[in-house]
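So you can see what is in the structure, the chains are spelled out below.
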Amino acid sequence: MRRPAHPARWLVGLAGAVAAGYWTMFSSYSQLLGWFPFRATTGEKVIALTFDDGPNEPYTSQIADFLAAAAVRATFFQVGTCVQRHPEVTARLLRDGHVIGNHSHSHSMIRCVRPSAQRVETETAQRVLTAALGRTPALYRPPWLLRTPTLGAILRRHRLQPISGEFCHAFEVFQPSPVRIAGRALAKARPGAVLIFHDGFDARGGNRANTVAATKLVVTKLIDDGYRFVTIDELFDIPAYRTTTAQS
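What counts as what
- Residues numbered from 1 in each chain as written.
- Predicted model: local features only at pLDDT ≥ 70, side-chain atom pairs only at ≥ 80, totals over all residues.
- Heavy atoms only, no water.
- Phe/Tyr/Trp six-rings, centres within 6.5 Å; stacked < 30°, edge-to-face > 60°.
- Helix = DSSP H or I, 4+ residues; strand = E, 2+ residues; numbered from the N terminus.
- Buried < 20%, exposed > 50% of the residue type's maximum accessible area, 1.4 Å probe, protein only.
- Lys NZ or Arg CZ within 6 Å of the ring centre and 35° of its normal.
- Salt bridge = Lys/Arg side-chain N within 4 Å of Asp/Glu carboxyl O.
- Disulfide = S-S within 2.5 Å.

Student: Can you help me understand the packing of aromatic side chains in this one?
Tutor: Two aromatic rings, taken as a pair, are described by how far apart their centres are and by the angle between their planes. According to the stated counting rule, one finds six aromatic pairs in the structure shown. Ring centres 5.0 Å apart and planes at 20° place the aromatic pair Phe51 and Phe76 in the stacked group. Taken as a pair, Phe51 in strand β1 (residues 46-54) and Phe76 in strand β2 (residues 75-78) lie far apart in primary sequence, 25 residues in all. The class of Phe51 is buried, set by a relative accessible area of 0%. By relative accessible area, Phe76 is classed as buried at 0%. These aromatic residues form a ring-pair network of at least three members: Trp23, Tyr29 and Phe38. When the ring centre of Tyr241 is taken as origin, the NZ or CZ atom of Arg135, which lies over that ring, is 5.1 Å away.

Here's what the structure looks like:
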């Protein structure tokens with residue numbers, strides 16, 4: 001007669017399964033659900049600066065003003081509802097030479113895990129961004145970097161390449177001091193890195209003054225260290241936008 005498994009073993013097994021699931025679907029580095037580039041293999045001192053959850057005023061424009069003065073181009077993964085709120089900011093970023101990617105329409109966790117809602121989120125954001133830009137994004141970053149087994153098919157249908165990266169600071173959402181945010185970001189800076197900052201918060205906006213200040217510290221230091229900044233499409237040699245605006 002078999003003895004029942006010890007409860008501790010079940011807990012260990014459950015913890016292991018949860019950890020594996022989290023790594024697969026949320027990690028910056030997991031490739032288990034398809035190519036999810038987080039860093040380029042290069043010896044050049046190049047870095048891709050990226051911003052999520054915008055546009056969010058006045059912080060997105062403050063970042064854009066600084067980047068323009070520093071002659072730096074970045075990649076902005078934008079939320080559809082925020083673009084509807086500030087379409088002129090998205091258009092300004094495009095004019096300044098920045099690249100705009102899809103970051104879902106509502107940035108809702110519930111809608112990002114349900115397959116039918118995933119499709120609507122992606123397609124709606126594509127329509128909003130296409131209207132604001134006059135071109136259709138080919139780059140996508142999932143909110144919270146969340147990938148599910150069903151997301152890949154949706155992205156392939158719309159010829160969207162998912163893009164990962166490394167968060168500038170694990171607690172940036174709580175806006176620690178600019179020095180702390182910048183310090184963590186600089187610790188992750190290396191040739192080919194993709195750094196993730198947030199000029200907004202979910203789809204609600206919010207005060208991102210410390211992120212703006214941290215961005216200035218990071219860019220200034222990296223330029224002094226001999227780095228140059230590139231957009232995601234340049235870093236990975238992939239298209240930034242689709243060749244046609246028609247939805248497939």
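Student: Can you help me understand the pattern of salt bridges in this one?
Tutor: Think of it this way: side chains of opposite charge can pair up when their charged atoms draw near. The full count for this structure, using the stated rule, is eleven salt bridges. Taking the shortest distance from any N to any O, the salt bridge between Arg204 and Asp202 comes out at 3.3 Å. With a shortest N-O distance of 2.7 Å, Lys221 and Asp225 are connected by a salt bridge. Here the residues in one salt-bridge network are Asp65, Arg92 and Asp96, joined through shared partners.

Student: So what exactly am I meant to see when it comes to the state of the cysteines here?
Tutor: Cysteine pairs can be linked by a disulfide, which is a covalent bond between their two sulfur atoms. Enumeration according to the criterion identifies zero disulfides in this entry. Not part of a disulfide, Cys82 finds its nearest cysteine sulfur in Cys112, a span of 13 Å. Not engaged in a disulfide, the cysteine Cys168 finds its nearest cysteine sulfur in Cys82; these two sulfurs lie 18 Å apart. Residue classification places Cys168 among the buried residues on the basis of a relative accessible area of 0%.

Such coordinate-based values are descriptive only and should not be taken to indicate function.
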